[in-house]
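Report on the structure
Take a look at the letters that make up each chain.
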Amino acid sequence: MLLSIENMIVRKRVGERAAVDMLADAGFTGIDYSFCMMEDWEETINGNDSLSCAEDLREYAGSRGVTFCQSHAPFRFRAGMKMDESEYEYYRIVKSMEFAAAMKIPMIVVHALMTEDGSDELDLNERYYSSLLPYAEKYGIKIAVENLTGRRTRDSLPTQMCLGNPEKYCEMQDRLNSPYICGCLDIGHANLTTHDPAGFIRACKGYVHYIHTHDNNGVHDRHCLPSLARWFDEKAKPDTAVRDYLAPNPEYSIPWDDVLSALKEIGYSGPFNLELLRYMECYMTEDLPAALGTAASVGRRMMAEL
């Protein structure tokens, strides 16, 4: 099992190859390549030599013992935009699929679309994902459906919109019924929609091909490093660096012992992927190596349960 992590923050800070080096040095063996908020989009992805760039980056990662094992498409496409390449945000998704395929990445997460009231959610997203399937087949890459959350207003609580419950998450994959569709279950998002994350996982057995792992307080999508203080009290004493970070935090609410048991029950064997945007944003660039080392230590201890 690969221990992987989303690379957006690190790559924005230090660049492509230096990000690979930093993640490899921290102990990660996989990378979730993010096409979200790329400041060098036109140069890297849309340039004349973009595919050569993708191949070179894949080879360099391989030389460091790291695999690009999953990816994340841009998520600025919205309901009401045209579902073809004349729409720039749609075009960016297609180009990301092509670039990821050149990197030999097996899947790319494409965020579902939110409707005004959630009533047309499945029908809209069936049309959306179906429009992208010819590109998935052309490039030989799977599109991953992810359970998301939404807010009707800035101050409202998260909702179960955007495939945010087990029934819709599974039904979307059933409707599409394609070998180029898979499921990416976001554990942090499951915790934001009044569902027990472990129960969400068990309800989606057979539809969990990839995971996004991060912690939150059940209200805000914080993408923080899992807080395992209570879990470690029962299981084992953590390394000093990990223990320093894992002070008891009552705001974190995901019961990781139950989540790991559920993943084990369903036989999960994909990459163990951490998605820690807020956690990494809290550190100065010079402190990122130590922060990533701590994250890798936590990830390895969680993986050991599987």
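Nothing here was measured: the structure is a model prediction, and the numbers come from that model. (Residues numbered from 1 in each chain as written. Predicted model: local features only at pLDDT ≥ 70, side-chain atom pairs only at ≥ 80, totals over all residues. Heavy atoms only, no water.)

The sheet built from eight strands is open, its strands ordered E7-E6-E5-E4-E3-E2-E1-E8 with parallel pairing. A strand with exactly one partner marks an edge of an open sheet, and here the two such strands are strand E7 (210–212) and strand E8 (272–274). Looking at each pair of strands side by side, their axes are set apart by 30 degrees on average, direction ignored. Sheet strands in contact with helix H6 (residues 121–139) are strand E5 (142–146) and strand E6 (181–186), and its direction is about 150 degrees off that of E5. Here helix H7 (residues 166–176) sits on the sheet and contacts E5 and E6; the angle it forms with E6, its principal contact strand, is near 170 degrees. (Pairing = 2+ DSSP bridges. Helix = DSSP H or I, 4+ residues; strand = E, 2+ residues; numbered from the N terminus. Axes fitted to C-alpha atoms, helices over the stretch in contact; angles between N-to-C directions. Contact = heavy atoms within 4.5 Å.)

Below, the discussion takes up the layout of surface pockets. For the largest pocket, the calculated volume is near 850 Å³. Phe-75, His-111, Leu-148, His-189 and Asp-221 are, among the 35 residues lining the largest pocket, the residues nearest its centre. Considered class by class, the residues forming the lining of the largest pocket number 18 nonpolar, nine polar and eight charged. (1 Å grid on protein atoms, 1.4 Å probe; cavity = no way out; pocket = protein on both sides within 12 Å on 5 of 7 lines; lining within 4 Å. Points joined across faces, edges and corners; volume = space filled by probe spheres on them. Nonpolar A, V, L, I, M, F, W, Y, C, P; charged D, E, K, R; others polar.)

We now examine helix H5 (residues 88–102). Its 15 residues give H5 an end-to-end C-alpha distance of 21 Å, which sits within 8% of 21 Å, the value for a rise of 1.5 Å per residue. Looking one or two residues beyond H5, the residue adopting positive phi is Lys-104, at roughly 65 degrees. (Expected span 1.5 Å × (residues − 1).)

Turning next to the packing of helix H4 (residues 50–63) against H5. One can describe the packing of H4 onto H5 by two numbers: an axis separation of 8 Å at closest approach and a directional angle of 40 degrees. With respect to H5, the element H4 is oriented oblique. Crossing of H4 against H5: the hand is right-handed. For the pair H4 and H5, contact is made by Ser-50, Leu-51, Cys-53, Ala-54, Glu-55 and Arg-58 and by Glu-98, Phe-99 and Ala-102, respectively. Partitioned by chemical class, the residues of the contact of H4 with H5 number five nonpolar, one polar and three charged. (Parallel < 35°, antiparallel > 145°, perpendicular 65-115°, else oblique. Left-handed = near helix turned anticlockwise from the far one by under 90°.)

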